[in-house]
There are 2 protein chains.
Amino acid sequence: MNNDSSSRIFAALRQWVAGAAPGARLPSTRQLVAEYQASPVTVQKALQALAAQGLIESRPGVGTFVRAVRTARPSDYGWQTGALRSPASPLPPSSSTMRNVPGDAIWFHSGYPDRDLLPERLVRAALARAARGDAALSRPPAAGMPEPAAVVRPGAGIGNPGGDYPANAERRDRAAGKPERAQLHLPGPGGRRAAAADRIAVVLGCHPCGGPDGVRLVPVPAGPDGPDPADVDRAFAETGARAFYVQPNYSNPTGAQWAPGRGDEILDVARRHGAFLVEDDWAHDFGITSDPVPLATRDDSGQVVYIRSLTKSVSTAIRIAAVIVRGPARERILGHRAAESMYVSGLLQAAALDVVTQPGWQTHLRSLRHQLRSRRDLLATSIRQHVPEAHLDNLPRGGLNLWLRLPDTTDLPRLVRDCADAGVIIAAGTEWFPAEPAGAFIRLNYSGPNPGAYPEGARIIGEALAANGR
Amino acid sequence: MNNDSSSRIFAALRQWVAGAAPGARLPSTRQLVAEYQASPVTVQKALQALAAQGLIESRPGVGTFVRAVRTARPSDYGWQTGALRSPASPLPPSSSTMRNVPGDAIWFHSGYPDRDLLPERLVRAALARAARGDAALSRPPAAGMPEPAAVVRPGAGIGNPGGDYPANAERRDRAAGKPERAQLHLPGPGGRRAAAADRIAVVLGCHPCGGPDGVRLVPVPAGPDGPDPADVDRAFAETGARAFYVQPNYSNPTGAQWAPGRGDEILDVARRHGAFLVEDDWAHDFGITSDPVPLATRDDSGQVVYIRSLTKSVSTAIRIAAVIVRGPARERILGHRAAESMYVSGLLQAAALDVVTQPGWQTHLRSLRHQLRSRRDLLATSIRQHVPEAHLDNLPRGGLNLWLRLPDTTDLPRLVRDCADAGVIIAAGTEWFPAEPAGAFIRLNYSGPNPGAYPEGARIIGEALAANGR
C-alpha cells in the first residue's frame, strides 16, 4: 500500500471482514470503487494487502471471499514436550495477587493498592512531562539515570521517612573517596538477581514467586520481633549460605516489624559469615504507626543489597525500583542486568523520579498514611466482630496486609473457595511461606477497592469459617 | 516534616549544605527564622530532617555544622569476592552499541537509530494519551494486553509489510479451535528466555550479549543466502540442540537475507530434529529494497518462536516486544516471564500499540525507508571511494548496518582505537560472531546522527586502515 486512500480502504475492509462469516463474498471491485470513491488500482492494492494477510481469497472469475478455515485438524504441538524437557527448576504457580476478579467481588487478595490510594495527579503529570521530554526518545545509561543532585546526598540515610528517594546512579562517598552507587531498574529481576548473588539464599518472608533459578531456599523462623540471631547463625553455619533475604519492615508473612536493635544483631551475624543481606523494603511508603527505617542505613561494609520498588506506591504502570549495593556485587548485578535486558525505559525512570521529587509526593504520603490506618482499623474491627476465631495478635504498624491465623484444623483451600463463591476473594497465606506454613494463615489486603464493603466481607469470611469445620 | 514551609527550608538548606565544606557552620536558628520568615519550630524541623539524613550535626551550646567526613579509611568490600564466587557463566563484556560518546564524534557504532529516524510525533502523542488513560495507573494481564480486535486476525500473516503488529495476547485460530497466543513484553529477557527453551542453542547471527545462562552456543556457518540446510542438519545431529536462533532478514553479522525457499528448508530440518527456530525479526521495520517476510508466517506446527522488538523502530524508551509462540512452549515462556518480573508496564504496552496502529505509522515507515536508503547509499559510496581495500559485496537490502570485510591482516583493535582518536566511532564485527569471526569485519551503522559526516568518516577510516598495515 503506497497511499493513504488505500490504507483507509484496507482498514475499513479489514473491519468488515472481522465481522463477516468465513466464505462471505466481498463487494465487487466496481462496487468498492464507487463506495470509497477511489481508483480501481487503489482498491486492488487494499484487496492485495488483505489477501497477503490471509484474510480474504480471490477466486478468479468468481469473486473475492472471506477466507474459510484452513484445516479442521488441530495443530499437534506434542513434539514440543520433548524439546522443552522438564523445567530446570519447578515453575512457581502464578501468584494469587495477580488474579483479576469480577468487578463486584470484595477484594482482599490483591498485592497492589487500589487506584484511590495512588498519587494519580502526580503520576499523570509526570508521565505527560516525560512524554514531552528527552526521555521519550532516548536511551538512559545502563546503570540508571544520574539523580537530580539534591535527591540523594552522601551520608544521607537512604529511603528516610522524609521521603528522599535513592534513585542515584552515582553517589560519591566523600569520606571514602570511593564511588558508592546504586541503580534504577525493574523490580522483579532486580530483587531476584540480587538474591542470586550466590547459589544459596536463606529466606525469611519469601517472595511470593519462589526463588530464582538455581537458588536453594532455606527457611529461617521468625517471630513478631524478627528472626532470632541464633537461628540465622545456625542456618548460615549449616548451609554455607551467602545471602539472607529479609523484609525487616511489615514482612510477608505475618506483617511483623523487627524490634529495635535486631537489625544490628542480624548484620553482625551476616558479617561474621561473609554473607549478604538482601533487604526488600517493599512497604517503605506504607508506614502507619511506625516509620520503616532501612537496615541499609546502618551498613558500612557493603553487606546490604537494598531494594525499593515504586510499583506499589507510585503506580503499577511505573515498573521501577532502586537497588543500592556497594562493592564488587554492584558490578555483578549490573552485568546480569545488562545481559538480561540491556537497560530500563528512561521514560519510566524519569516519571518515577519526577513523582517522588514533587512536593506533592510528601503530601500524598501523609494522606496515604491516614487512609491506610482507617482501612486497617476498619478491617480489623470487622474481623474481630465477625471472625472471632481468628487470631489477630499483631495489628501491623505498616504495610498493606492483615495476617489472620485461623484454627489449625481449617481447610484453607475450601475456605478460599467458599469465600470466592460468596464474592469475597481472599489469599491463603501458604504461598508466602518458603516451606510449610507455621499455621493456617490468610492474608487480607486492606488496600483494595471499596473499603466500605469490609464489614460485609468479614461477615462472609466468618460464615465460611464457621461452615468450614462442619 | 509536617508542613510545606519546613519542606521548603529543608530543601534550601540541603542545597546550601551540598555546596559547603565539611565542618562549615550553619546560620543560627535565629538567623534562619529571619531569613525564611518561619517559626523557630518550623526551622527546627528542617534541621532535624537534615540531621536525620546525616548531613549536619548539632553540637549543643556551640552550633550546627555540616557533617565532617566520618572516616578516612576506604570501605573494604573484599569479603564480597568470596561471597560472590565466580560467575556461573562468564559475564559478557558490555556491548559497544550501548556506548555513549562525545557529541562531536561521528557515530558508526550505535545499535539504535538516531532520533531523526523515530516517529517522534506519534510517540509523544501516544505517550501523552497513555498518561491520560487507564494504562497509567493499572496493571495489565501478565500475558500482555488483548489487542485491538483489528490489529491481528486469525490467519493473518504476522508482521507483514502492511504493518500489522502481532501485539495480541490471544489469537484464536478458528481453524484449529485452539488458542494461538502471543504476548507483549520486554525484548531483552523475552528473546533470551525463549532461547533458553533448552540447554543448548545453535546460534547463527549471535546476539551481541552472548547466550543466556546455561545455554551452550554452537556456531553454524552462513553465507549470503543464509545457512546451508546440511550444516544445520549436521549441527542438530552432532549436538542434540533443541533450538536454532536465527535472523533470516538482515542478520548480524554480515547483513544477509535468506534466499527465497531457504526458510522452508531450514524449517524442515528443525522439524525433523524436533527443534525450535527462534526467529529474531529485529529489523522488521527496516526493509529498504526488500520486505522482510517472517519465517513464522510459514509455520503451522509451533516450530517458530517469533520475536519482534519495537525498541529500535518506535523509541528506545518504549521497551516492548512481541513474542509469538504456540503450544506448551508458550506456557513455559510465560512462566519464566512471570517469575522474572511479574508483568510489563501497561503504559508502555498501550503506547506501543497506539503508535503502530496509527495511520501515521505507515507514513513514517515509508519515509524511513527512503531515509535509510539514502544513508546506506551515501555511506557505501563514501566507503568505496575512501576505503577501497574494504570488501562490500552485499549491499544490505534492509537493516541498519553495512558490514565491511577488511584485509585479513588488519589489526582491528588498533583500527578501532585509531578511528576513535580521530573522532570516528566504529565497532569491530567481532562481538557479533558466536565464535572466531570469519574475517576482519567492521560494522558501520548508518542510522546514527549526522549522516552528512559520512564522507568525512569514511575518509578517516580509510586513513586509519592505510596506517594500520605500516
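Definitions and limits used
Residues numbered from 1 in each chain as written. Chains lettered and ligands numbered in written order. Predicted model: local features only at pLDDT ≥ 70, side-chain atom pairs only at ≥ 80, totals over all residues. Heavy atoms only, no water. Salt bridge = Lys/Arg side-chain N within 4 Å of Asp/Glu carboxyl O. Helix = DSSP H or I, 4+ residues; strand = E, 2+ residues; numbered from the N terminus. Buried < 20%, exposed > 50% of the residue type's maximum accessible area, 1.4 Å probe, protein only. Pairing = 2+ DSSP bridges. Contact = heavy atoms within 4.5 Å. Axes fitted to C-alpha atoms, helices over the stretch in contact; angles between N-to-C directions. Parallel < 35°, antiparallel > 145°, perpendicular 65-115°, else oblique. Left-handed = near helix turned anticlockwise from the far one by under 90°. Phe/Tyr/Trp six-rings, centres within 6.5 Å; stacked < 30°, edge-to-face > 60°.

Peer 1: So what's going on with the pattern of salt bridges? Residues and values would help.
Peer 2: Between side chains of opposite charge, a pair can form as their charged atoms come close. According to the stated counting rule, one finds 36 salt bridges over all chains in the structure shown. When the shortest N-O distance is used, the salt bridge between E463 of chain A and R459 of chain A registers 2.5 Å. Taken together, the residues span about one helical turn, with E463 of chain A and R459 of chain A both in helix α13 (residues 454–468) at a distance of four residues. A relative accessible area of 47% means that E463 of chain A is categorised as partly exposed. For R459 of chain A, a relative accessible area of 30% gives the class partly exposed. Between R234 of chain B and D231 of chain B there is a salt bridge, with its nearest N and O atoms 3.0 Å apart. In this pair, R234 of chain B and D231 of chain B both sit in helix α7 (residues 229–239), three residues apart, roughly one turn of the helix. Each of the salt bridges in this network shares a partner with another, and the network as a whole consists of E456, R459 and E463 of chain A.

Peer 1: Can you break down the sheet that holds strand β15 (residues 427–428) of chain B residue by residue, with the values?
Peer 2: Sheet strands associate in pairs through backbone hydrogen bonding, adopting either a parallel or an antiparallel arrangement. Residues and elements named next belong to chain B. Within the open sheet, the three strands sit side by side as β13-β16-β15. Their pairing is antiparallel. Single-partner strands in this sheet number two, and they are β13 (401–406) and β15. Bridging between β15 and strand β16 (residues 440–445) involves two bridges; their strand directions are antiparallel. Considered in β16, the bridge of A428 is made with I442. Strands β13 and β16 of the sheet are contacted by helix α11 (residues 359–386), whose axis makes an angle of about 15 degrees with β13. Of the strands in this sheet, β13, β15 and β16 touch helix α12 (residues 412–421), which is tilted by about 30 degrees from β16.

Peer 1: Hey, could you go over the sheet that holds strand β13 (residues 401–406) of chain A for me, with residue numbers and the actual values?
Peer 2: Residues and elements named next belong to chain A. Overall, antiparallel pairing links the three strands, which are arranged β13-β16-β15 in an open sheet. Single-partner strands in this sheet number two, and they are β13 and β15 (427–428). Along the sheet, helix α12 (residues 412–421) makes contact with β13, β15 and β16 (440–445), crossing β16 at roughly 30 degrees.

Peer 1: Describe the packing of helix α1 (residues 4–19) of chain A against helix α3 (residues 40–52) of chain A, naming the residues involved and giving the relevant values.
Peer 2: All names here are of chain A. As a packed pair, α1 and α3 sit with axes 8 Å apart at the nearest point and diverge in direction by 50 degrees. With respect to each other, α1 and α3 are oriented oblique. Seen from above, α1 lies across α3 with right-handed handedness. Together, S5, S6, I9, F10, L13 and R14 of α1 and T42, V43, K45, A46, L47, A49 and L50 of α3 make up the contact between the two elements.

Peer 1: Could you give me a rundown of the side chain of Q303 of chain B, with the residues and numbers involved?
Peer 2: Turning to its location among the elements, Q303 of chain B is positioned in the loop between β10 (276–280) and β11 (304–309). Among the residues examined, Q303 of chain B registers a relative accessible area of 1% and is labelled buried. Leaving out residues up to four positions away in the same chain, Q303 of chain B has contacts with W79 of chain A together with L267, A270, R271, G274, A275, F276 and L277 of chain B.

Peer 1: Please provide a residue-by-residue account of the environment of L379 of chain A, values included.
Peer 2: All names here are of chain A. For L379, the location among the structural elements is in helix α11 (residues 359–386). For L379, a relative accessible area of 0% corresponds to the buried category. L379 sits 350 residues away from T29 along the chain, and the two C-alpha atoms are 66 Å apart.

Peer 1: Could you give me a rundown of the packing of aromatic side chains, with the residues and numbers involved?
Peer 2: For the coordinates displayed, the defined rule picks out twelve aromatic pairs over all chains. Measuring from centroid to centroid gives 6.4 Å for W403 of chain A and F433 of chain A, while their planes differ by 85 degrees, and the two rings are edge-to-face. Of the two residues, W403 of chain A sits in strand β13 while F433 of chain A sits in the loop between β15 and β16, which places them 30 residues apart along the sequence. Of the two residues, W403 of chain A and F433 of chain A, both sit in the buried class. A centroid spacing of 5.6 Å and a plane angle of 35 degrees characterise the contact between F433 of chain B and F441 of chain B, whose relative ring orientation is tilted. The exposure classification of F433 of chain B matches that of F441 of chain B, with both residues buried. One aromatic cluster in this structure is built from W403, W432, F433 and F441 of chain A.

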